[in-house]
Amino acid sequence: MPPRADPPATAVQVAPSEEPVPSDAPSPFKLKPEWAGPCARAEVIDVNLGHAPGVFVRAAFCQITGQEPPAHVVETWSAKLTHDPHVRRVDVVRSLLADSKRDAKLSYSDPWVSQPALSAPLTRRSRRDIGAVFMFFFNCPGGVNCAMDWANTHSPGMDAPSPLYAFGSAPSAVYSPNEPGFWRNELSDAKYAGLQFLMLNTYGPDIADGKLKPLAQALESLEDPVHVALFDDTWTWGEPYFGDFWKNKPDLQDAEKAATVLYNAKWKPFFSQIDKRYWYRFKGQPFIYFYNSGTLEPRDRCAAVLAKMKAKFQKDFGEEPFLDVDGAYFADQDLPKVADARFTWMTFDLSSKRSRSRLNGHIIDHAMVKWDAVGRDRPGDIAKPSDRLLKDPLLLKRVLEESRDAELLVLATWNDLGEGTGINRNYDYYAAGRWLEPDVFMREIRASQSLPSKP
């Protein structure tokens, strides 16, 4: 999966905010008993062995050297894990390996007793809808966006089948969009979190030839699932990896031709594969994000193209979509007449840490609330003080509180493992020297949605 077109990495400072009202359901996750040894050298180093900082450092040192660590090593790394937000468990392991002049494979065990289904009902009092961008351009185990060393946090099923994704006669499955159980669990977890929809980050090849059938099966299996929207990611245009069709970028100066190609490649096949009952609608209209990845040009000629795409949608499906467009395309002065809203993808450098659209009288917020792309951008490297790293829910709390007057909030993302922006079920969230429950971000959204909207 390609990196986003991001600004230079900078540390993000988030001012403390008041704690939200506690969730109406405590986390069901319980930690396994603390590791107690014995101290022994291992061929594969388990990065997730040991809960408390000191215990973890001892476990890592023992696995790497086969010897007990000196007291100053335990004290130094424990303090960094607790107080330095840029130090991750994997950084400690890699540093200790380097000090010992040793190379070794890494593994990431699940520190929790079990991975239960999340189904506690939510008493929603907020009028604001919340959705999240959903990634599905991967095929675990391994490969793009599913390499264990690439992701700093890990979902069950990334490296081996998990019973969490059981579906029909299949008792388990991997974390893959080819599996209906994968979709069913993510939809269920999103429902538990208090989301109204997941917005599928669609490149094009990932929905060709009926590839959304497992999603359709999962939706049909649920009584009242969260709904689905389209995130049109334009990165694939002009790339050589997906066949001749995708190598040719539509020219936005030829509005009719470009609209036909773009619409037939994504909008039409996407919505044709999902029953209308499950479409997310904002103000009654099917919801679409149109993202700029620097491929479609010229950006100042996009309004006519998008207008024709909306017309084609109206002709085929009998309704006009609500189109939220990346701010980069507003280089076209006519776009405000076509777009229904606008968003800024990367929000860390905005003073409010979120983008807000007031186009056409609607208040729609968009925010990214977590980040760790070190493994993707510099495989095998340790995090540096200059890296942007956000590991805990503090920014999410702020965004949820300050967007309570919005009609809609879009979070980017639900599950991007490579960029480290995911807030979905991950079993090794770790910050300030302790494990955070796999549903820690979900419970923050639940708590916020249980509060009434601000006028």
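Numbering of residues begins from 1 in every chain and follows the order in which that chain's sequence is written. Totals for whole chains, interfaces and linings use all residues, but because this is a predicted model, local features are given only for residues with pLDDT of at least 70 and pairs of side-chain atoms are given and counted only at 80 or more. In computing side-chain values, all of the structure's heavy atoms are included and hydrogens and water are not.

### Topic: the overall build of the chain
Definition in use: Runs of E in the DSSP output that reach at least two residues are strands. Runs of H or I that reach at least four are helices, and both are numbered from the N terminus. Throughout, radius of gyration means the C-alpha value; the globule benchmark is 2.2 Å times the number of residues raised to the power 0.38. When a residue's accessible area, from a 1.4 Å probe over protein chains only, is under 20% of the maximum for its type it is buried; when over 50% it is exposed; and in between it is partly exposed. Any two residues whose heavy atoms approach within 4.5 Å are treated as being in contact. Method for areas: the Shrake-Rupley scheme with a 1.4 Å probe, in which residue coverage is limited to the protein chains shown. Neither His nor the chain ends contribute to the count of charged residues, in which Lys and Arg are positive and Asp and Glu negative. A charged residue contributes its charge at one atom only: NZ of Lys, CZ of Arg, CG of Asp or CD of Glu.
On a plain count of helices and strands, the chain comes out with eleven helices and 14 strands. Rg of the C-alpha trace for the chain: 22 Å, near the compact-globule value of 23 Å for 455 residues, within the 12% margin. Oriented by its inertia axes, the alpha-carbon framework of the chain measures out at about 70 × 50 × 50 Å. Taking all 455 residues of the chain together, 58% fall into the buried category. Counted over contacts in the chain with a minimum sequence separation of 6, partners at least 24 positions apart contribute 71%. Total accessible area computed for the chain in this model is approximately 18200 Å², and 52% of it derives from carbon and sulfur atoms. Both charge centroids of the chain, one from 55 positive and one from 60 negative side chains, sit 2 Å from each other.

### Quick word on the packing of helix 4 (residues 180-193) against helix 5 (residues 213-221)
We apply this condition: Here, axes are lines fitted to C-alpha atoms. For helices the fit covers the stretch in contact, and angles between N-to-C directions go from 0 to 180 degrees. Working rule for angles: under 35 degrees goes down as roughly parallel, over 145 as roughly antiparallel, 65 to 115 as roughly perpendicular, anything else as oblique. We call a crossing left-handed when the near helix sits turned anticlockwise from the far one by less than a right angle, and right-handed when that turn is clockwise. Classification used: nonpolar for Ala, Val, Leu, Ile, Met, Phe, Trp, Tyr, Cys and Pro, charged for Asp, Glu, Lys and Arg, polar for all others including Gly.
Interhelical geometry of helix 4 versus helix 5 gives an angle of 50° and a closest axis separation of 8 Å. When the axes of helix 4 and helix 5 are compared, the pair comes out oblique. For the element pair helix 4 and helix 5, the recorded crossing hand is right-handed. Contacts from Pro 180, Trp 183, Arg 184 and Leu 187 of helix 4 reach helix 5 at Pro 214, Leu 215, Gln 217, Ala 218, Leu 219 and Ser 221. The residue makeup of the contact of helix 4 with helix 5, split by class, is seven nonpolar, two polar and one charged.

### Comments concerning the pairing of strand 3 (residues 129-135)
Which entries qualify depends on this criterion: We call two strands paired when DSSP finds no fewer than two bridges between them.
Counting buried residues along strand 3, seven of its seven residues qualify, which places the element largely inside the surrounding structure. Covered by surrounding structure in strand 3 are Asp 129, Gly 131, Val 133 and Met 135 together with Ile 130, Ala 132 and Phe 134, the residues of both alternating faces. One ladder, built from four bridges, connects strand 3 with strand 12 (residues 408-411); its direction is parallel. Bridging from a neighbouring strand, Ile 130 pairs with Leu 409 of strand 12. As defined by bridge partners, strand 3 adjoins strand 4 (residues 197-202) across five bridges and the pair is classed as parallel.

### Notes on helix 1 (residues 53-65)
Count 3.6 residues to each turn of an α-helix, and residues three or four apart come out pointing the same way. Stated precisely, the cut-off is as follows: To estimate the expected span of a helix, count its residues, drop one, and scale the result by 1.5 Å.
Over its 13 residues, helix 1 extends 18 Å from the first C-alpha to the last, a length consistent with the 18 Å expected when each residue adds 1.5 Å. By the burial criterion, the buried members of helix 1 are Pro 53, Phe 56, Val 57, Ala 59, Ala 60, Phe 61, Cys 62, Gln 63 and Ile 64. Buried residues in helix 1 make contact with strand 1 (44-46), helix 2 (71-83), helix 3 (89-99) and strand 13 (429-431). Taken from the residues just after helix 1, Gly 66 is the one with a positive phi, measuring 80°.

### A short note on the state of the cysteines
Our working definition: Throughout, a disulfide means two cysteine sulfur atoms within 2.5 Å of one another.
Applying the stated criterion across every chain yields a total of two disulfides. A sulfur-sulfur separation of 2.1 Å characterises the disulfide bridge that pairs Cys 39 with Cys 62. On the S-S bond that ties Cys 39 to Cys 62, the torsion sits near -105°, and the link is left-handed. Taken as a pair, Cys 39 in the segment before strand 1 and Cys 62 in helix 1 lie far apart in primary sequence, 23 residues in all. Classification of Cys 39 as partly exposed rests on a relative accessible area of 22%. Put simply, Cys 140 and Cys 146 are joined by a disulfide, and their sulfur atoms are 1.6 Å apart. Take Cys 140: its relative accessible area is 4%, and that puts it in the buried class. Cys 146 sits in the buried class, given a relative accessible area of 1%. Listing the disulfide partners of the chain by sequence rank of the bonded cysteines yields 1-2, 3-4.

Treat this as a map of the structure, not an account of what it does.
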